[in-house]
Every structure is written in structure tokens, then in C-alpha cells.
Amino acid sequence: MEEKKLYTLLVYSENIAGILNQITAVFTRRQVNIESLNVSASSIEGVHKYTITAWSDADQIEKITRQIEKKIDVVKANYFTDDQLFIRESGLYKLSTENVLQNPEISRTVRRFDAHIIEVNPTYTIVMKHGITEDIIALYRALNAFGCVLQYTRSGRIAVTRGMHEQVSAFLEEREKR
């Protein structure tokens, strides 16, 4: 059995109500859990971009991608490994201000991870970190070891291909020629 690894799917569609449900249903039918999901406008007017991560093997992710691409409102779908993309996430950490003030090592840890304190009040301190998934999680673990984390959340992954253009651009240009 092939080893599972984290894949990122970039799906482009028209902005139609219900398409997200159709896309996630493909994962549900194959019993593949979505790790993260981000939906936003793309660089192409009228086209939305879904960035979806999931643990899978190559055969299964290829089948999922083909099934998604068959959806009527999906323009294009591709899957990638991390080395094929430029990836970023954001993490927000709500810390106990009392703990932060009592232990200067917490502030040093925030600086060491190149994170930023974006709000401080008598009750809590908010820290934000942008970077790759592993760095976001590593900062959480480091701060959590101090017992100061009140809340923590990560954004879904955002990603762009390492090529010059959106993968869907060439597809759309070819479609326009027909």
C-alpha cells in the first residue's frame, strides 16, 4: 500500500452557489478528510480559487482531482506536492498577558519565531505568525509549553504555483480559441 502524503489541490470554478458542497462531497464519498480549505477570488476575473489540503496516496488524489474536474462549474483542478508550490498560512495565538509579563522568555520566543505581538490588553496578548505550517505549529508548541495559550487558530493554506501564471490561465486561453 502506497504511503499517504499531504497534497494541495488548486481548484478553479465560476462563482456559483453550491459548488463548494459538490467539491467537498467528492472527498466525503472517498472518505478522505480535508485538512484545510481556503476559498477566494483568483487573479482571473469571475473565477474563484479553492486551495484544499488532504492526506492521500497518489492514485486516490488523482481520482479525486478528476472527479472534481468533471463538475460542470469547475474550470480546472490540479494537485500538487509542497515542493511544487509557494505556501503560506497565518496563526493567531491568544496569550495570558499576566503570564507574558511574568515570564520574559515568552516574548523572546515570539521574537525568535519572527512572530508579531499585535494587541496587548490587561487580560490577553494577541500574537500573529505568518509562514509555513510547520513553523506555525512549532510556535504553538513552544508557547503552549509555557502554559500561557488561551486560544490558538491557524488559517487555511494559501498557495501559488512556482510557475509564472495561474495553471488555469493556459486552459482558459485555449478554451477561448475554440
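Residues numbered from 1 in each chain as written. Predicted model: local features only at pLDDT ≥ 70, side-chain atom pairs only at ≥ 80, totals over all residues. Heavy atoms only, no water.

**Q** Can you break down the packing of aromatic side chains residue by residue, with the values?
**A** All chains considered together, the criterion is met by three aromatic pairs. Summarising the aromatic geometry, the rings of Y7 and Y79 are spaced 5.7 Å apart at their centres and angled 80° between planes, so their arrangement reads as edge-to-face. Of the two residues, Y7 sits in strand 1 (residues 5-14) while Y79 sits in strand 4 (residues 74-80), which places them 72 residues apart along the sequence. Centre to centre, the rings of Y140 and Y152 are 4.3 Å apart; their planes meet at 25°, and the pair counts as stacked. Here Y140, found in helix 5 (residues 133-144), pairs with Y152, found in strand 8 (residues 149-154); they are 12 residues apart in sequence, far enough to count as distant. In this structure Y152 comes out as partly exposed when scored by relative accessible area, which is 28%. Aromatic ring contacts, followed pair by pair, group Y93, Y140 and Y152 into a single cluster. Stacked on the ring of Y124, the Lys or Arg K94 has its end atom at 4.5 Å from the ring centre. (Phe/Tyr/Trp six-rings, centres within 6.5 Å; stacked < 30°, edge-to-face > 60°. Helix = DSSP H or I, 4+ residues; strand = E, 2+ residues; numbered from the N terminus. Buried < 20%, exposed > 50% of the residue type's maximum accessible area, 1.4 Å probe, protein only. Lys NZ or Arg CZ within 6 Å of the ring centre and 35° of its normal.)

**Q** With reference to specific residues and values, describe the sheet that holds strand 1.
**A** Pairing is antiparallel in the open sheet, where four strands are placed in the order 2-3-1-4. With one partner strand each, in any of the chains shown, strand 2 (34-41) and strand 4 form the two edges of the open sheet. The mean angle between the axes of side-by-side strands here comes to 15°, regardless of whether they run parallel or antiparallel. The pairing of strand 2 with strand 3 (residues 47-56) spans seven bridges and is classified as antiparallel. Note that in strand 3 the partner of S36 across the bridge is T53. Across the sheet, helix 2 (residues 58-69) touches strand 1, strand 3 and strand 4, and the angle it forms with strand 4 is around 170°. (Pairing = 2+ DSSP bridges. Axes fitted to C-alpha atoms, helices over the stretch in contact; angles between N-to-C directions. Contact = heavy atoms within 4.5 Å.)

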